[in-house]
Amino acid sequence: MILGGEKSSGSSVMDQVGENIIHHVSNSDIMHPIVHLPHMFGVDMSVTKHVLMLWIVALLVSITIIIPIRSYLKQKNFIPSGMANAIESITQFIRDSIVAPNVGSKWVNTWTPLMLTFFFFILFANGIGMIPIFDVLGVINRFVLNVPYEADHNFINGLLHGGVTATGNFNVTAALAMITFFSIIIAGTKAHGFINHWKNLVPHGLAWPIYIILIPIELMGLLVKPFALTMRLAANMTGGHIALLALLSLMAIFAEMFHSAAAGIGVALISVPMAAAISGLEIIVVIVQAYVFTLLTAVFVGMAINVHH
Amino acid sequence: MEATAFMPIGFGLIVIGAGLGIGKFASAAAESIARQPEAADKITGAVNLPLFLLEGVAILAEVFTFLMLIL
């Protein structure tokens, strides 16, 4: 916040605060990417902050999940040790209390891997947003290495632009929800066949005027499900960070309003503990949102498999 | 008067609606757990899903209100 605030001097504090908050939750500018890449198929392939964060998340998931599981599968006796213990407990929780009750015992082993992938990926992507590693790097860069904020070609200065929560970007969550959308269709097709899956959208044997209302509603519901998933995850991740930054910004706003640093420091006594408490709440939200996305995907897949009419 | 002047009222209505809904869920869950403590796990499981769907609706409404403000 300090680093961003010094850049745009001249405008009022309220404008700077608003700019700062948006700057800290949105993706970095495509015009000033971290890594320049050429256009492919008419799309600018340059790496922005959220793309970099997705790569880091993929790397972290590989290190903490895939490698322990591979080494567990290679060993002779099936007694888990170390990291495999933790993964086993989470796997069992997701299989027994999220997937099995919704999808049914017949298809559990088909759909558990997808749900586990969703859970771990979203958990890591959400959780990494709470770790201020880039801000620490920026502070070291600024005050230890003495690189000025205006140095645009400095690599770490480039890293400072944009938010770190990749799941706070609607494009990322939309991509995740598209996977859910197609897996619903695949689940229904595998269980009932392609034609029967689409027939199962509406109940059989009703009077024909009801279908005139029911078919458009069900078709809309088909699209609303992934849309709601998209909005829920991204809005939750963005909203928490905005609340956190707004509380911290109260210091600057009050100091400006009363034209004294003492007012800012006085408000800091209240707003910093509040921000710490909201950070704690945010850690719960991180876990709950990963759980909710997994649960709702399981419910929707289960609805396509176990048709209740 | 501009339409965006009613934005805060819209936000307030969303929060009232979501708050009432979540409050009803919580009170019903607490009451039924008090009556049957042994069924606490099942009750929590049954409450979870509609709770998240309700929260999703509230967030959708807030996103749309926010989009109306900035577009």
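Criteria and thresholds
Residues numbered from 1 in each chain as written. Chains lettered and ligands numbered in written order. Predicted model: local features only at pLDDT ≥ 70, side-chain atom pairs only at ≥ 80, totals over all residues. Heavy atoms only, no water. Helix = DSSP H or I, 4+ residues; strand = E, 2+ residues; numbered from the N terminus. Buried < 20%, exposed > 50% of the residue type's maximum accessible area, 1.4 Å probe, protein only. Contact = heavy atoms within 4.5 Å. Buried area = accessible area lost by both parts, 1.4 Å probe. Salt bridge = Lys/Arg side-chain N within 4 Å of Asp/Glu carboxyl O. Polar contact = N/O pair within 3.5 Å; in protein donor to acceptor, adjacent residues only side chain to side chain. Nonpolar A, V, L, I, M, F, W, Y, C, P; charged D, E, K, R; others polar. Expected span 1.5 Å × (residues − 1). Bend = angle between axes of the 7 residues up to and from the residue. Patch = residues over 30% accessible without salt bridge, like charges linked within 9 Å, V, L, I, M, F, W, Y side chains within 5 Å. Areas by Shrake-Rupley, 256 points an atom, 1.4 Å probe, with all protein chains shown as cover. Axes fitted to C-alpha atoms, helices over the stretch in contact; angles between N-to-C directions. Parallel < 35°, antiparallel > 145°, perpendicular 65-115°, else oblique. Left-handed = near helix turned anticlockwise from the far one by under 90°. pLDDT = per-residue confidence, 0-100. Core = buried A, V, L, I, M, F, W, Y, C linked by side-chain atoms within 4.5 Å. Phe/Tyr/Trp six-rings, centres within 6.5 Å; stacked < 30°, edge-to-face > 60°. Lys NZ or Arg CZ within 6 Å of the ring centre and 35° of its normal.

(A) Molecular detail of the overall build of chain B. Along its length, chain B carries 2 helices and 0 strands. Principal axes of the C-alpha set define a box for chain B whose edges measure 55 × 15 × 10 Å. Considering chain B as a whole, with its 71 residues, one finds that 23% of them fall into the buried category.

(B) Local environment of the interface of chain B and chain A. Counting from both sides, the interface comprises 10 residues of chain B and, opposite them, 13 residues of chain A. Summed over both sides, the interface of chain B with chain A buries roughly 980 Å², with 81% coming from carbon and sulfur. For the interface between chain B and chain A, the tally reads 0 salt bridges. On inspection of chain B and its partner chain A, the count reaches 0 residue pairs in polar contact (both at pLDDT 80 or more). When the residues that make up the side of chain B that touches chain A are grouped by side-chain class, the tally is 7 nonpolar, 2 polar and 1 charged.

(C) A look at the environment of Ile33 of chain B. Residue and element names in this part refer to chain B. Relative to the helices and strands, Ile33 resides in helix α1 (residues 7-35). Between the alpha carbons of Ile33 and Ile43 there is a distance of 7.2 Å; along the sequence they are 10 residues apart. Beyond its immediate chain neighbours, meaning those up to four positions away, Ile33 contacts Ala40, Ile43 and Thr44.

(D) Summary view of helix α3 (residues 49-74) of chain A. Residue and element names in this part refer to chain A. Helix length check: α3, at 26 residues, gives a terminal C-alpha distance of 37 Å against a target of 38 Å (1.5 Å per residue), a fit within 8%. Of all the bends in α3, the greatest measures close to 35 degrees and is centred on Ser62. Taken together, the buried positions of α3 are occupied by Lys49, His50, Leu52, Met53, Val57, Val61, Ile65, Pro68 and Tyr72. Looking at the buried residues of α3, the elements they touch are α2 (13-25), α4 (83-103), α5 (108-128), α6 (133-143) and α7 (155-159).

(E) Inspection of the pattern of salt bridges at higher detail. Residues and elements named next belong to chain A. Tallying each qualifying case throughout the model produces 1 salt bridge over all chains. Asp96 serves as the salt-bridge partner of Arg95, at 3.1 Å between the closest nitrogen and oxygen. Residue classification places Arg95 among the partly exposed residues on the basis of a relative accessible area of 35%.

(F) The arrangement of a nonpolar patch on the surface in detail. On the surface, a cluster of nonpolar side chains totalling about 570 Å² of accessible area is made up of Val35, Leu37, Met40, Phe41, Val43 and Met45 of chain A. Its place among the elements puts Met40 of chain A in strand β1 (residues 39-40).

(G) Seen up close, the packing of helix α8 (residues 170-192) of chain A against helix α11 (residues 261-305) of chain A. Residues and elements named next belong to chain A. Contact pair α8 / α11: the axes reach a minimum separation of 8 Å and the direction vectors enclose 30 degrees. In terms of their interaxial angle, α8 and α11 are classed as roughly parallel. When you trace α8 past α11, the crossing you get is right-handed. For the pair α8 and α11, contact is made by Leu176, Ala177, Thr180, Ser183, Ile184, Ala187, Gly188, Ala191 and His192 and by Phe293, Thr297, Phe300, Val301, Ala304 and Ile305, respectively.

(H) Spatial organisation of the confidence of the model for chain B. Scored by pLDDT, chain B comes out at a mean of 82, with 92% of its residues at no less than 70. The complex prediction reports pTM at 0.83, with the ipTM value standing at 0.70.

(I) Spatial organisation of the packing of α3 of chain A against α4 of chain A. All names here are of chain A. Running from N to C, α3 and α4 cross one another at 105 degrees; their axes reach a closest spacing of 9 Å. Comparing their axes, α4 and α3 come out roughly perpendicular. Across the interface between the two elements, Thr64, Ile65, Pro68, Ile69 and Tyr72 of α3 pack against Met83, Ala84, Ile87 and Glu88 of α4. For the contact of α3 with α4, the residue count by class is 7 nonpolar, 1 polar and 1 charged.

(J) Molecular detail of the nonpolar core. Residues and elements named next belong to chain A. Counting residues in each nonpolar core, the largest one holds 47 residues, and the members touching the most others are Trp111 and Val301. Counting only elements with at least two residues in this core, the list comes to α3, α4, α5, α8, α10 (208-257) and α11. Among the elements that make up this core, the one with the highest residue count is α11 (13 residues). Leave out the neighbours within four places in its chain, and Trp111 touches Val99, Val103, Ser183, Ile186, Ala187, Val301 and Ile305.

(K) Local environment of the side chain of Lys49 of chain A. Residues and elements named next belong to chain A. Within the element layout of this structure, Lys49 appears in helix α3. Take Lys49: its relative accessible area is 1%, and that puts it in the buried class. Sequence-distant contacts of Lys49, that is, excluding residues within four places in its chain, are made with Asn27, Ser28, Ile34, Phe134, Leu159, Leu160, His161, Gly162, Gly163 and Val164.

(L) Structural view of the packing of aromatic side chains. Residues and elements named next belong to chain A. Counted under the stated rule, the structure contains 6 aromatic pairs over all chains. Note on Phe181 and Phe182: the rings are 5.3 Å apart at their centroids and 70 degrees apart in plane angle, and the pair reads as edge-to-face. One Lys or Arg, Lys49, reaches over the ring of Phe134 and ends 4.7 Å from the middle of that ring.

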